[in-house]
4 protein chains.
Amino acid sequence: MSAPKKVVLAYSGGLDTSIILKWLQTEYGCEVVTFTADLGQGEELEPARAKAEMLGIKPENIYIEDIREEFVRDFVFPMFRANAVYEGLYLLGTSIARPLISKRLVEIAEETGADAIAHGATGKGNDQVRFELSSAALNPDIKCIAPWREWDLSSRTALLDFAEKNQIPIAKDKRGEAPFSVDANLLHTSSEGRVLEDPGEVAPEYVHLRTVNPVDAPNTPEEIEITFEKGDAVAINGLAMSPATVLETLNEYGRKHGIGRLDFVENRFVGMKSRGVYETPGGTILLEAHRGIEQITLDSGAGHLKDSIMPRYAELIYNGFWFSPEREMLQALIDKSQEHVTGTVKLQLYKGSVRTIARWSDHSLYSEAHVTFEDDAGAYDQKDAAGFITLNALRLRLLAARNRRLK
Amino acid sequence: MSAPKKVVLAYSGGLDTSIILKWLQTEYGCEVVTFTADLGQGEELEPARAKAEMLGIKPENIYIEDIREEFVRDFVFPMFRANAVYEGLYLLGTSIARPLISKRLVEIAEETGADAIAHGATGKGNDQVRFELSSAALNPDIKCIAPWREWDLSSRTALLDFAEKNQIPIAKDKRGEAPFSVDANLLHTSSEGRVLEDPGEVAPEYVHLRTVNPVDAPNTPEEIEITFEKGDAVAINGLAMSPATVLETLNEYGRKHGIGRLDFVENRFVGMKSRGVYETPGGTILLEAHRGIEQITLDSGAGHLKDSIMPRYAELIYNGFWFSPEREMLQALIDKSQEHVTGTVKLQLYKGSVRTIARWSDHSLYSEAHVTFEDDAGAYDQKDAAGFITLNALRLRLLAARNRRLK
Amino acid sequence: MSAPKKVVLAYSGGLDTSIILKWLQTEYGCEVVTFTADLGQGEELEPARAKAEMLGIKPENIYIEDIREEFVRDFVFPMFRANAVYEGLYLLGTSIARPLISKRLVEIAEETGADAIAHGATGKGNDQVRFELSSAALNPDIKCIAPWREWDLSSRTALLDFAEKNQIPIAKDKRGEAPFSVDANLLHTSSEGRVLEDPGEVAPEYVHLRTVNPVDAPNTPEEIEITFEKGDAVAINGLAMSPATVLETLNEYGRKHGIGRLDFVENRFVGMKSRGVYETPGGTILLEAHRGIEQITLDSGAGHLKDSIMPRYAELIYNGFWFSPEREMLQALIDKSQEHVTGTVKLQLYKGSVRTIARWSDHSLYSEAHVTFEDDAGAYDQKDAAGFITLNALRLRLLAARNRRLK
Amino acid sequence: MSAPKKVVLAYSGGLDTSIILKWLQTEYGCEVVTFTADLGQGEELEPARAKAEMLGIKPENIYIEDIREEFVRDFVFPMFRANAVYEGLYLLGTSIARPLISKRLVEIAEETGADAIAHGATGKGNDQVRFELSSAALNPDIKCIAPWREWDLSSRTALLDFAEKNQIPIAKDKRGEAPFSVDANLLHTSSEGRVLEDPGEVAPEYVHLRTVNPVDAPNTPEEIEITFEKGDAVAINGLAMSPATVLETLNEYGRKHGIGRLDFVENRFVGMKSRGVYETPGGTILLEAHRGIEQITLDSGAGHLKDSIMPRYAELIYNGFWFSPEREMLQALIDKSQEHVTGTVKLQLYKGSVRTIARWSDHSLYSEAHVTFEDDAGAYDQKDAAGFITLNALRLRLLAARNRRLK
């Protein structure tokens, strides 16, 4: 790979990506463009501008953007239409943000004539894969640089030395090792590493950054109503909201009631197991609610098909294949199923749990006329069940007869 | 179908199956054998014997059995190895009991020379299907009688009239309509019908028979440890227990902490949607724990394959195909995966929720040496990731190049 | 079910459907509308008009239509985009025609104010299911009448007696039993029953109506080229054609070279096995060609996903669920994959077999630069494979280490 | 990776693996053990011994083995139980041989105290992956060396120079480039590269090494009978045979009739497409026959489940995951289905094609009593179909009503 001339860097303004910024300049002598995004991680962005300028980035090369609405509308919501859960439990909060960051990095590279992008993910994790597969799928000619896999700054000391030598300011609390590593966006906060590395040890309470401890949550359950249109949440308690506002609002409900904590050991795409603590307050509520509205608006054939392909869809997102033909094909299937997923769900929030307790819709397929224990006025003829069962049983009966004959 | 001569009836001792018993005698003039099973539904069985005798059943034709251990060992546990959940949420508590009842009915028919079995399920539900498919698969020559689909006792009044005419005692509280219908066994209690028929109305608290309201559960979280061997729970807090005792013990923990309540609208196999309130206290804890132990002992290839076939497996059980070649094939696949699912999970129970908070095992595949943020002493070479990603990206890059070329 | 007042009958003009026509009139005293379609079965339609008139059908109630283009464009081609094959071998020739017939029956019922449709399929086969599920999905209020399941004309003699009594002319060759039963349309001819009922007996040559015996086919192979656009065949040997003309032309090639014969025992949806002889000359060529063009234009992720859902898609069509949400969802997925399935395939036809021997496309993903045994000018770095394999092997290595440790 | 001390090399005796042998000795100064296997590739093995000795291998380090029976019994037959086909057409002839070779290499390494194995596959293909994943799964501590990815012998000239410098004899016909590359074993011969690299060019006849051109095959069809027991072929024309003899015999039939030629563009696991010409004469017959016997002995539920997982199973084998938990889980599922796949199939072989024309079995599930067009003596009540269809249609009817209501 020839040396890059101009690189768009995913830049948080923090110590690590500042070191990367400097390293790119010194290692490759290349021009650096910084991209800092508000994905709802809860940090101010303007300090990143100041820091980038201080590190010699030209003002026109500093991109700072609020992409929360695009994030929720085009990534989070499509994923929730599928009820996507990785390995039974993980709501994919980190996985779903990476493709969007890559997309903007590639777009900015194309706008600014850069020939490469760079990210701050290490060589052990999934994020490097997600960044680089997305980039390859969006523009096959743009290089993707992963400094953590290239440089020899292999210890904390080496990093700090490099920072000092290059006049990168080091916040006091960054001198020592952080007790764990954090990723955050509007959908979730994840914590992993160091104090969490033994999955047999209970995680300390202080790794939870986003939700109150259920023990400290209100002693009274709270009820909310979420309204869906074509599979997406559009209103809370009757109040219409933009996608990002829906998620922010649910996050606040979830935070308050201690909802969405997950202590999890997962299988990384690169072949190892890792343990993380995830907090997905709003997303956990949203998933429950979406299942609730599908219960009355989705036909069983549609629902069972969705359920059967969901694990594969979730795995694709986890592994970084958002921009792949197979994810897009599955999305087409899922979106087709959501045309009538419209209606309202009532949920109860209480000390760490969220439960659907009622749901209604003009699009409901629930037929009280059919299911009633009372007189159904001929809606359903119970005698039909005899034929239904007899023919479903026919092959089992032939099988049993064969097996008995051969005994 | 010629008239049956001797029928084995699934007999609870209650009003409805007593009416069925009498109806079989009068309609077909046949001998009736009663089978009353303790599946953990929490009712005394001996009154059923007295009642059967009173209705003229010969003592040698009265079968009363405690089949709780067989139920948990051969039905519940194999199902939990698969993490089986129907339509995302339902733990299949009713579905999994029916095949065992059918199995005993058929076996007793073979022992007593009966040519038919009979059950008390209506023509609208799934249970008729489960009873009859199981029976067909186990003995193709035995008839299966479903009085609710045959007789003309179509109203409560007609039933009570029939009972009175036939000297069947009617408990006072059975004079009126029950406000909802209940099924129970060691795994769960389900409630449906009448007051629950509008899925837009919140279920009244009194339909919950098996768990305390989370609001009334202890204010302090409780921790328990469950130990697994080859996928099955074998001990709680270090105390070895039989399968049924494991489930009973977990039921008590779940009851106390208000765990396992589900308000659910599901798709019945016969084509309609129905709404039920399920309480699965011990099963909910068991599912969480099983997932927890699989997280460290199951390889990702095995786990993802299991996840991908689970919806089909659950659907088969729900639809009544326990005794089918395809369920047995899937079971072979699942059981093969459980050889090393051995170890211990620590869980926190608190006000309606259960969460895995730690897990450990001699069979663990978790490698701290590989995943650590610290120096990994060469266990993992981050440069390998570059090749891994490059080749995973190759097809996406070729695809992107093709698509750009044609634009 | 109340008696129908006006019924649209799928009418072939043959003896059986003429008897049904008369039976509907006499049994229900209802008005009958006839629908006779040219689906490429190779029979004149005008005699059906004369016969319908003779049986007292009003001219405005006689519908005769050529629906071959709609059949191929909207049913056959979408199905072939999926490479749909039932149980490994059957190209679904009968299955795919039924939904279209139902669609027209229902549309005509709506136009003419009829409250029912009727078909001539028996109670043992799949076609009744296909007609009736389609009809239910298209208009839930229209009844569907299946005279073969209702009447008591249970023997050939009874049918002929009914015909004679009702002045229905009986062709000489219909006096005796046909040696087998036939269904035909532009996609295939199927033969089943009577002389074919023993699957251990070789089918007589005379049941093959549509293809020459491969032994009698030309002694010289013939090459043809089929061009595809977005997954559909649009030209043969460079000559652009309409969908139905493409299939007719391929049928002629297939017929001549003895291509597309299948002797098959299949599982009917109603639970029994049946044996049929199918001839699908053009379809067999088309399937091979479609696979051939996908080989170079479809990405592996897309192709493997398609392959994995194909059996379910084929089963849905076989079972009669063409007009179901899940078939439509799968179709959305499949169609999404076909956007670049454009190019040309060269095939060799010879004595019963068809083989792709070359294929080319502007949309090709095949990269000679990458795959070449010669110098690839840096397109592919073989060292990347080491990292790719190492990480794919990591979990297997951890697994092997665990298993060895426990031995 | 530290330098290996003793390496077991998969050694064919040919020029390329002789160069590798020498390179290992010179590059690493290590002891080399050679393993030469008869997998039915049709070459004498003893010359490999002489050549190994000449290159300085100690006699006790030369392993030469006939592993054809193990190959067919433990690898080919289990795979054929699944009707495994990769990407619709490829019978996995190369893929299935690699795990066995790896298994023996690892076993010999363990016996001889070697710390590494080596193979002659290049860095562009699938075989490197298959060798190395198998080795990692069987013994995580043994290194796997792929000289083609390591050395700098990047041109034919460099290779020949190395051979000359090291006194490796070069056969005359190896001086120039071969026009294509070949892999062969008892199941198939594959040809790829050079003259085959343009998939738009028809392959020359001379690349076909294993089958006569169908045009030159006998002008008269030939019938054979294959008998299966529990899914495996055990006899041909009534003559019991060992697994390898079955396949050899079918190969001879297939060769003679020009059966099993495939011109194919496939997706390699490493991300590129490649074109190959495959000849699988016996395997093609065996697949057709296995499907034929399953048609009457396998229940539809079992068969459809098998069909639905087959693409994944085939992909696992193609990608090199034979020794993985998920392949073993799928094998458990498949093997479970084969318990009654016992019986005989009659096939017709003729000029490139093989067709099942009859099949019979004591284990047959085919019921003439049920399917017959004649009087079925009450085996099947056609009225049952009405209930069966009504309940299958119920959800479609509710769906149609909902959709019409909202229009």
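Each chain has its residues counted from 1, running along the sequence as written. Both sets of labels track the order of writing: A upward for chains, 1 upward for ligands. Only residues with pLDDT of at least 70 are given local features in this predicted model, and only at 80 or more are side-chain atom pairs given and counted; all residues enter the totals for whole chains, interfaces and linings. The side-chain figures draw on all heavy atoms in the structure; neither hydrogens nor water molecules are used.

## Focus: the UniProt feature "binding site: L-aspartate" (unreviewed entry) in chain A
Inference 1: UniProt positions are given in the numbering used here, feature names are shortened, and annotations may be inferred rather than shown by experiment. With numbering aligned to this structure, UniProt lists the feature "binding site: L-aspartate" (unreviewed entry) at Thr122, Asn126 and Asp127 of chain A.
Inference 2: Mapping Thr122 of chain A onto the fold places it in the loop between β4 (116-118) and α5 (127-138).
Inference 3: Beyond its immediate chain neighbours, meaning those up to four positions away, Thr122 of chain A contacts Gln128 and Trp148 of chain A together with Gln382 of chain B.
Inference 4: In the analysis that follows, any N or O atom pair within 3.5 Å is treated as a polar contact, provided that within protein one partner can donate a hydrogen and the other can accept it, and provided that, for residues neighboring in sequence, both atoms belong to side chains. Engagement of the side chain of Thr122 of chain A in a polar contact is seen with the backbone nitrogen of Lys124 of chain A, the distance being 3.2 Å.
Inference 5: Discounting chain neighbours no more than four positions away, the residues touching Asn126 of chain A are Glu266, Arg268, Phe269, Val270 and Tyr318 of chain A. Going along the chain from the N terminus, every DSSP run of H or I of four or more residues is numbered as a helix, and every run of E of two or more is numbered as a strand. The contact criterion used throughout is that any non-hydrogen atoms of two residues lie within 4.5 Å.

## Concerning the interface of chain C and chain B
Inference 1: Across the contact, 27 residues belong to chain C and 27 residues belong to chain B.
Inference 2: Buried area counts how much accessible surface, traced with a 1.4 Å probe, disappears from two parts once they are put together, with both parts' losses summed. Taken together, both faces of the contact between chain C and chain B bury some 2400 Å²; the carbon and sulfur share is 64%.
Inference 3: The largest contributions to the chain C side of the interface with chain B come from Phe388, Leu391 and Arg402 of chain C, which together make up 22% of the buried area.
Inference 4: Note on definitions: salt bridges are taken to be side-chain nitrogens of Lys or Arg within 4 Å of carboxyl oxygens of Asp or Glu. Applying the counting rule to chain C against chain B returns 2 salt bridges.
Inference 5: For Asp299 of chain C, the salt bridge is made with Arg395 of chain B, and the minimal N-O distance between the two is 2.7 Å.

## Things to note about the UniProt feature "domain: Arginosuccinate synthase-like N-terminal" (unreviewed entry) in chain A
Inference 1: Residues annotated by UniProt as "domain: Arginosuccinate synthase-like N-terminal" (unreviewed entry) correspond here to residues 6-169 of chain A.
Inference 2: Taken end to end, residues 6-169 of chain A has its terminal C-alpha atoms 24 Å apart, with 48% of it in helix and 15% in strand.

## A look at the environment of Asn166 of chain B
All names here are of chain B.
Inference 1: Secondary-structure assignment places Asn166 in the loop between α7 (156-165) and β6 (181-184).
Inference 2: Burial classification: accessible surface area is computed with a 1.4 Å probe over protein chains only, and a residue below 20% of its type maximum counts as buried, one above 50% as exposed, and the rest as partly exposed. Its relative accessible area of 17% is what places Asn166 among the buried residues.
Inference 3: Separated by 147 residues in sequence, Asn166 and Ile19 have C-alpha atoms that sit 8.4 Å apart.
Inference 4: Asn166 has contacts with Lys22 and Thr26, leaving out every residue within four places of it along the chain.

## Quick look at the interface of chain B and chain A
Inference 1: Across the contact, 101 residues belong to chain B and 101 residues belong to chain A.
Inference 2: In total, about 8700 Å² of surface goes out of reach between chain B and chain A, with carbon and sulfur atoms giving 57% of it.
Inference 3: Considering only the side of chain B, the residues that lose the most area to chain A are Glu197, Lys273 and Phe373 of chain B, jointly responsible for 8% of the buried surface there.
Inference 4: Linking chain B with chain A are 8 salt bridges.
Inference 5: Between Glu326 of chain A and Arg395 of chain B there is a salt bridge; the shortest N-O distance is 2.5 Å.
Inference 6: Between chain B and chain A we count 46 residue pairs in polar contact (both at pLDDT 80 or more) in total.
Inference 7: No other element matches helix α13 (residues 383-406) of chain B, which puts 14 residues into the side of chain B that touches chain A.
Inference 8: Here the side of chain B that touches chain A is composed, by residue class, of 47 nonpolar, 21 polar and 33 charged. Here the term charged refers only to Asp, Glu, Lys and Arg, the term nonpolar to Ala, Val, Leu, Ile, Met, Phe, Trp, Tyr, Cys and Pro, and the term polar to all other amino acids, Gly among them.

## Observations concerning the relation of the copies chain B and chain A
Inference 1: Between chain B and chain A, which share one sequence, the superposing operator has a rotation angle of 180° and an axial displacement of 0.0 Å; the RMSD is 0.0 Å. When the rotation and shift are considered jointly, the pair of chain copies conforms to a two-fold rotation axis.
Inference 2: Interface residue correspondence from chain B to chain A reaches 100%, placing this contact among same-surface, isologous pairings. What sets the superposition is a least-squares fit of C-alpha atoms, and only residues with pLDDT of at least 70 in both copies go into it.

## Side note on the pattern of salt bridges
Inference 1: Under the definition given, this model contains 128 salt bridges over all chains.
Inference 2: The shortest N-O distance in the salt bridge between Lys103 of chain A and Glu107 of chain A comes to 3.4 Å. Taken together, the positions of Lys103 of chain A and Glu107 of chain A, both in helix α4 (residues 98-112) and 4 residues apart, correspond to about one turn of that helix.
Inference 3: Across the salt bridge formed by Arg261 of chain B and Glu205 of chain B, the nearest N and O atoms sit 2.8 Å from each other. Placement of the pair is Arg261 of chain B in strand β11 (residues 261-267) and Glu205 of chain B in the loop between β7 (189-192) and β8 (222-229), with a sequence separation of 56 residues.
Inference 4: Residue classification places Arg261 of chain B among the buried residues on the basis of a relative accessible area of 8%.
Inference 5: Each of the salt bridges in this network shares a partner with another, and the network as a whole consists of Glu65, Glu70, Lys103, Arg104 and Glu107 of chain A.

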